[in-house]
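Each chain is listed here by its residues.
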Amino acid sequence: MSDILIVDDERDIRELVSDILEDEGYSTRLAGNSDECMAEINSEPPGLLILDIWLKDSRMDGIDILKAVKRDNPDVPVVIISGHGNIEIAVAAIKQGAYDFIEKPFNIDQLMVVIRRAMETSRLRRENASLKRKEVTNSDMIGKSASFRAMQSQLDKVTKSNGRVMLSGPAGSGKEIAARYIHAHSNRANAPFVTVNCAGVEPERVEEVLFGRESSERGIEPGLLEEAHGGVVYFDEVADMPMGTQSKILRVLVDQQFQRVGGSDKVRVDLRVISSTNRDLETEIAADRFREELYHRLNVVPIAVPSLEERREDIPVLAQHFIEMCNETQGLAMRVISEEAVALLQTMTWPGNVRQLKNLIERVLILGDDSGPIEAKELPAEEEKTDDSGRVVLSGALATLPLREAREAFEREYLLTQINRFGGNISRTASFVGMERSALHRKLKSLGVVTSNKSGARVAQLDEPEPAE
């Protein structure tokens, strides 16, 4: 997209403009009618299009070509030229997305000013889009636990295809980062990644936001699907999409085209679709809140994103990553985390998952010292585990139990937490708690604690008794 395509039915004019542009260092291509023009564009989109409104012996006039270019190659700036210019044609061309309008006979200096500005505007838009793709949310996948590696292995398998992916997992677990990882490692990495926040768009505006709109006053206003052309559209929390919109999205997936609100032309798009949900969509289908056919269209490759509690092993490396990120983006202190603080982080509950951990680290860095390691005392206490003198404060439920039952309840919860903290590794757990491995196995059996595979990792849980016949 670095050359300029000149389209004019008068050979002398297109060759004259070409000679002038080549003297200025631009490379050019020439077309004398609409068929030649569209063939050139389809072979390789130009960096800029200089387009005559009136084309003799052509199936399409300049406005028709302009509409097609803005539909299929919206990044290509179009400068309209005409020997029959008037204000109505100029307004019509600008409304359809033309960068500018110049009337024949044109001043060469004026033409060059318009071309330079159009090329610079196009370059800045591409750079801005590229920066936005990098800055909004990075695609770094951080972790080493078994459940994390299992998920990453699945993501790697789908990066090179165009298959639709459904990411499921609790809020804050990193589903968007997983989607961006797929995009960044795919053959669409240099194309747009557009997020559709299905819960954040007002229901009455969702179609305008997705499909765009056309009006005589404001011309063409592209929607998110059009912006994502050639790249990836990510439907965040797709279960929140209104039922009426679901049927239209289903039609887009089938036809790869749609109409803007208020428009009549079909807009063709080339999209890869990635969706996410923190709900059970089959339950939503049973409750008539989600279309079953759309579910099957989106759920071609289902991938589960584990919660933070399923990957406690990753908490130290994630926390250090967030420290480095806050240092780089906000200038906050670069600190390390003490072993006691790491142990506390790994035993805390995380209903907000990775997002909650990130927010906690940022808060500690803002409120804490500028040097020295992050200590356990800087982290929020859960249910006030100790008082000012360091004594453990019993919960109300535990304080009402006899000593033997209270001890068993404590040991059960303590060992469940430690095993999950170490990713189901019994040897590391035994070493930390100060028990022989065989003794720990016997203790777990007596307490009814078992380990099983979940999301590719060993997870400790209570042994559920089999129901009576």
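Before reading on, note that the structure itself is shown above.
Residues numbered from 1 in each chain as written. Predicted model: local features only at pLDDT ≥ 70, side-chain atom pairs only at ≥ 80, totals over all residues. Heavy atoms only, no water.

Asker: For the overall build of the chain, give the residues involved together with the corresponding values.
Answerer: When you go through the chain residue by residue, the secondary structure sums to 19 helices and 16 strands. Taken across its 469 residues, the chain has 43% of its residues classed as buried. Sequence-distant contacts in the chain: of pairs separated by 6 or more residues, those separated by 24 or more amount to 68%. Accessible surface, the chain: about 24500 Å² in total, of which carbon and sulfur atoms supply 48%. (Helix = DSSP H or I, 4+ residues; strand = E, 2+ residues; numbered from the N terminus. Buried < 20%, exposed > 50% of the residue type's maximum accessible area, 1.4 Å probe, protein only. Contact = heavy atoms within 4.5 Å. Areas by Shrake-Rupley, 256 points an atom, 1.4 Å probe, with all protein chains shown as cover.)

Asker: Which residues make up the pairing of strand 13 (residues 272-277), and what values go with them?
Answerer: Burial analysis of strand 13 places six of its six residues in the buried class, which makes it a mostly covered element. Residue alternation in strand 13 divides its side chains into two sets, Arg-272, Ile-274 and Ser-276 and Val-273, Ser-275 and Thr-277, and both sets are buried. Of the strand pairs in this sheet, strand 6 (residues 165-168) and strand 13 are connected by four bridges, and their pairing is parallel. Paired with Val-165 across the bridge in strand 13 is Ile-274. (Pairing = 2+ DSSP bridges.)

Asker: So what's going on with empty space enclosed by the protein? Which residues, and what values?
Answerer: One pass over the structure, following the stated rule, counts two cavities of 30 Å³ or more. For the second largest cavity, the full set of lining residues is Leu-225, Val-233, Phe-235, Ile-249, Val-252, Leu-253, Gln-256, Leu-271 and Val-273. Per-element tally for the lining of the second largest cavity: the top contributor is helix 10 (residues 243-255), with three residues. (1 Å grid on protein atoms, 1.4 Å probe; cavity = no way out; pocket = protein on both sides within 12 Å on 5 of 7 lines; lining within 4 Å. Points joined across faces, edges and corners; volume = space filled by probe spheres on them.)

Asker: Which residues make up helix 6 (residues 146-158), and what values go with them?
Answerer: Given 3.6 residues to a turn, an α-helix orients residues that are three or four positions apart in the same direction. For helix 6, which comprises 13 residues, the first-to-last C-alpha distance of 19 Å matches the rise-based estimate of 18 Å (1.5 Å per residue) to within 8%. Taken together, the buried positions of helix 6 are Ser-147, Phe-148, Met-151, Leu-155 and Val-158. Across the axial projection of helix 6, the buried residues extend over an arc of 100°, all falling on one side. Those residues of helix 6 that are exposed and aimed more than 90 degrees away from the buried face are Arg-149 and Lys-157. (Expected span 1.5 Å × (residues − 1). Arc of directions from axis to C-beta.)

Asker: How would you sum up the sheet that holds strand 6? Please name residues and give values.
Answerer: Read from one edge of the open sheet, five strands run 7-10-13-6-14, paired in parallel fashion. Here the strands that pair on one side only, and so sit at the sheet edges, are strand 7 (193-197) and strand 14 (301-304). With direction set aside, neighbouring strand axes in the sheet form an average angle of 20°. Of the pairings in the sheet, the one linking strand 6 to strand 14 comprises four bridges and is parallel in character. Note that in strand 14 the partner of Met-166 across the bridge is Pro-302. Sheet strands in contact with helix 7 (residues 175-184) are strand 6, strand 7, strand 10 (232-236) and strand 13, and its direction is about 155° off that of strand 7. (Axes fitted to C-alpha atoms, helices over the stretch in contact; angles between N-to-C directions.)

Asker: Just give me the short version of the packing of aromatic side chains, but keep the residues and values in it.
Answerer: For the structure on display, the rule yields four aromatic pairs. Measuring from centroid to centroid gives 5.7 Å for Phe-410 and Tyr-414, while their planes differ by 20°, and the two rings are stacked. In this pair, Phe-410 and Tyr-414 both sit in helix 17 (residues 403-421), four residues apart, roughly one turn of the helix. On the basis of relative accessible area, Phe-410 is assigned to the partly exposed category, the value being 48%. One cation-aromatic arrangement involves Arg-421 over Phe-432; the distance from NZ or CZ to the ring centre is 4.3 Å. (Phe/Tyr/Trp six-rings, centres within 6.5 Å; stacked < 30°, edge-to-face > 60°. Lys NZ or Arg CZ within 6 Å of the ring centre and 35° of its normal.)

Asker: Give me the pattern of salt bridges: which residues, what numbers.
Answerer: Enumeration according to the criterion identifies 27 salt bridges in this entry. In this structure, the salt-bridge partner of Glu-15 is Arg-11, at a minimum N-O distance of 2.9 Å. Here the residue Glu-15 and the residue Arg-11 both occupy positions in helix 1 (residues 11-23), the gap between them amounting to four residues, near one helical turn. You can call Glu-15 partly exposed: its relative accessible area is 32%. A salt bridge links Lys-104 to Asp-52; the shortest N-O distance between them is 3.4 Å. On the criterion of sequence distance, the pair formed by Lys-104 in the loop between strand 5 (100-103) and helix 5 (108-135) and Asp-52 in strand 3 (residues 48-52) is long-range, its members being 52 residues apart. Salt bridges linked by common partners bring Asp-8, Glu-10, Asp-52 and Lys-104 together as one network. (Salt bridge = Lys/Arg side-chain N within 4 Å of Asp/Glu carboxyl O.)

Asker: Tell me what's going on with the sheet that holds strand 3, and back it up with residues and numbers.
Answerer: In any sheet, the strands associate via hydrogen bonds between backbone groups, in a parallel or an antiparallel arrangement. Ordered by their spatial adjacency, five strands build an open sheet running 2-1-3-4-5, and the pairing between neighbours is parallel. Sheet topology places strand 2 (28-31) and strand 5 at the edges, where each strand pairs with a single neighbour. For this sheet, the mean angle separating the axes of adjacent strands, direction not counted, is 20°. Across the sheet, helix 2 (residues 34-43) touches strand 1 (4-7), strand 2 and strand 3, and the angle it forms with strand 2 is around 145°. Lying over the sheet, helix 3 (residues 62-72) contacts strand 3 and strand 4 (78-82), oriented at roughly 160° with respect to strand 3.

Asker: Quick rundown of the side chain of Ser-186? Include the residues and the values.
Answerer: Tracing the chain through its elements places Ser-186 in the loop between helix 7 and strand 7. In terms of polar contacts, Ser-186 uses its side chain to reach the backbone carbonyl oxygen of His-183, at 2.8 Å. Those residues in contact with Ser-186 that sit more than four places away from it in its chain are Thr-159 and Arg-272. (Polar contact = N/O pair within 3.5 Å; in protein donor to acceptor, adjacent residues only side chain to side chain.)

Asker: For a negative patch on the surface, give the residues involved together with the corresponding values.
Answerer: A surface patch of negative charge is lined by Asp-280, Glu-282, Glu-292 and Glu-293. By the secondary structure assignment, Glu-292 is in helix 12 (residues 292-298). (Patch = residues over 30% accessible without salt bridge, like charges linked within 9 Å, V, L, I, M, F, W, Y side chains within 5 Å. Lys, Arg positive; Asp, Glu negative; His and termini not counted. Charge placed at Lys NZ, Arg CZ, Asp CG, Glu CD.)

Asker: So what's going on with the side chain of Asp-3? Which residues, and what values?
Answerer: Assignment of secondary structure puts Asp-3 in the segment before strand 1. Look past the residues within four positions of Asp-3 in its chain and what remains in contact with it is Ser-27, Arg-29, Pro-46, Gly-47 and Leu-48.

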